[in-house]
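Fold and geometry: a report
Each chain, letter by letter, is given below.
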Amino acid sequence: MIVHLVDGTYELFRYFLSPGAAFDRRGPKELLAVRGVVGSILGILEGGATHLGVATDHVIESFRNALWPGYKTGEGMDPLLHAQFEPLEEALRALGVVVWPMVEFEADDALAAAAAVAAADVRVEQVVVCTPDKDLAQRVRGERVVQLDRRRGELRDEAGVLKKFGVMPASIPDWLALVGDTADGFPGLPGWGATSAATVLARYGHLERIPRQAAEWDVSVRGAARLAATLAEQGERARLFRTLATLRTDAPIGVDVDGLRWPGPRATFAAWAGRLGSPALNERATMLAATRSAAAR
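Not measured: the values here are computed from a predicted model. (Residues numbered from 1 in each chain as written. Predicted model: local features only at pLDDT ≥ 70, side-chain atom pairs only at ≥ 80, totals over all residues. Heavy atoms only, no water.)

Topic: the overall build of the protein
Scanning the protein for helices and strands turns up 13 helices and 6 strands. For 297 residues, the compact-globule estimate of 2.2 N^0.38 gives 19 Å, and the protein sits close to it at 21 Å. Each of the three principal axes of the protein carries a C-alpha extent, and together these read 65 × 45 × 30 Å. Split into buried and exposed, the 297 residues of the protein put 50% on the buried side. Residue pairs at least 24 apart in sequence account for 69% of intrachain contacts in the protein once pairs closer than 6 positions are excluded. A total accessible area of about 13800 Å² is found for the protein, and carbon and sulfur atoms account for 54% of it. Charged side chains of the protein number 34 positive and 37 negative; the gap between the two group centres comes to 4 Å. (Helix = DSSP H or I, 4+ residues; strand = E, 2+ residues; numbered from the N terminus. Rg over C-alpha atoms; globule rule 2.2 N^0.38 Å. Buried < 20%, exposed > 50% of the residue type's maximum accessible area, 1.4 Å probe, protein only. Contact = heavy atoms within 4.5 Å. Areas by Shrake-Rupley, 256 points an atom, 1.4 Å probe, with all protein chains shown as cover. Lys, Arg positive; Asp, Glu negative; His and termini not counted. Charge placed at Lys NZ, Arg CZ, Asp CG, Glu CD.)

Given below as structure tokens:
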């Protein structure tokens, strides 16, 4: 089987910010992004997915905010977008999809935890983590756990991660610690850029293994002396940033692989489809469930 894990927060942002959303009059404005995501998830199921889970940031803040005051918050988020998180979770549950609404942890942590559970199941052929977020690149494993950017149609396995970032998946948290992540609100270390971080980490793998003196580096990096000095002076901050960037596979998901099997829509989905201004969503979901049920006999 193939397990699909979807970043619901990203999908909601994507549909909310879609240029076409401003001209869409087919449903209530306050639920347009929800309808887009629900239709998209149903499309994944119609494409053959059988086991699927969606993670959302029910609360934008997480335990990471206590570690770094500048970490991302919901401040400045459009109220119309913020108000659609809970309806999205409810609508997806009505569709019959497993939803992880994260509070203490983040949606990315739930995806990482679910990917670990799925990858440990010998029945699973592949785990497809549907998000372009570079954080999730750290969970890619060979061709077994892969990352899919659905908007661009790009699938990245371990070789793809190395090609894009210049480091192996296990080094992504270290790479982010040096480079920073503006989306998550931490700056990295001064002077360190994507190329210099990739060059050094491709050789040494993790922060602790990088020699303190640039003279001991056996890779050529522009401004190596300055970079080494910065890392030596701000090593504690770099390790903190790595903690922020490291996804928690112990996030509570409360389900195994069997629990991710899509059983079909619940009775409440018809009302949700009507509320979203698209009764056809329920017709599609009901027909898909009936087709699968008939094929299983």
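A few points about the pattern of salt bridges
Counted according to the given criterion, the structure contains 16 salt bridges. The residue aspartate 218 makes a salt bridge to arginine 203 at a minimum N-O spacing of 2.8 Å. One end of the pair, aspartate 218, is in the loop between helix 9 (194-204) and helix 10 (224-233); the other, arginine 203, is in helix 9, with 15 residues separating them in the sequence. By relative accessible area, aspartate 218 is classed as partly exposed at 48%. The partly exposed category is assigned to arginine 203, whose relative accessible area is 42%. Several salt bridges converge on common partners, so that one network encompasses Arg64, Lys72, Glu106, Asp109 and Asp184. (Salt bridge = Lys/Arg side-chain N within 4 Å of Asp/Glu carboxyl O.)

Notes on the sheet that holds strand 2 (residues 51-57)
The strand order 3-2-1-4-5-6 describes an open sheet built from 6 strands, whose pairing is mixed. Lying at the two open borders of the sheet, with one neighbouring strand each, are strand 3 (98-102) and strand 6 (154-156). Adjacent strand axes in the sheet meet at a mean angle of 20° when their direction is disregarded. Two elements, strand 1 (residues 2-7) and strand 4 (residues 126-130), share 5 bridges in a ladder whose sense is parallel. Its bridge partner being in strand 4, valine 6 is matched across the sheet by cysteine 130. Running over the sheet, helix 2 (residues 32-46) touches strand 1 and strand 2 and is turned about 160° from strand 2. (Pairing = 2+ DSSP bridges. Axes fitted to C-alpha atoms, helices over the stretch in contact; angles between N-to-C directions.)

Comments concerning the packing of aromatic side chains
The tally for this structure, following the rule as stated, stands at 6 aromatic pairs. When the centroid spacing of 6.4 Å and the interplanar angle of 70° are considered together, the rings of phenylalanine 13 and phenylalanine 85 count as edge-to-face. Here the residue phenylalanine 13 occupies a position in helix 1 (residues 8-16), and phenylalanine 85 occupies one in helix 5 (residues 85-95), the gap between them amounting to 72 residues. A relative accessible area of 4% means that phenylalanine 85 is categorised as buried. Both rings, one in tryptophan 192 and one in tryptophan 217, keep their centres 6.2 Å apart while their planes meet at 50°; by these two values the pair is tilted. A residue pair is termed long-range when its members are at least 10 positions apart, and tryptophan 192 in the loop between helix 8 (172-179) and helix 9 and tryptophan 217 in the loop between helix 9 and helix 10 qualify at 25 residues. (Phe/Tyr/Trp six-rings, centres within 6.5 Å; stacked < 30°, edge-to-face > 60°.)

A few points about helix 10
Along helix 10, the residues that are buried comprise Ala224, Leu227, Ala228, Thr230 and Leu231. All buried residues of helix 10 lie within an arc of 160° about the axis, which places them on one face of the element. Exposed and oriented more than 90 degrees from the buried face of helix 10 are Ala225 and Glu233. Next to the buried residues of helix 10 lie helix 8, helix 9 and helix 11 (235-245). (Arc of directions from axis to C-beta.)

Thoughts on the side chain of glutamine 138
Secondary-structure assignment places glutamine 138 in the loop between strand 4 and strand 5 (145-149). Within polar-contact distance, the side chain of glutamine 138 engages the backbone oxygen of aspartate 135 at 2.9 Å. Within polar-contact distance, the side chain of glutamine 138 engages the backbone nitrogen of leucine 247 at 3.0 Å. With near-sequence residues (within four places) excluded, glutamine 138 lies in contact with Pro169, Ile172, Pro173, Ala245, Thr246 and Leu247. (Polar contact = N/O pair within 3.5 Å; in protein donor to acceptor, adjacent residues only side chain to side chain.)

Comments concerning the pairing of strand 4
Side-chain direction in a regular strand flips from residue to residue, so the side chains alternate between the two faces of the sheet. Of all 5 residues making up strand 4, 4 are buried, and the element is well covered by its neighbours. Where strand 4 lies against strand 5, 4 bridges are found, and the strand directions are parallel. Counterpart to cysteine 130 in the pairing with strand 5 is leucine 148.

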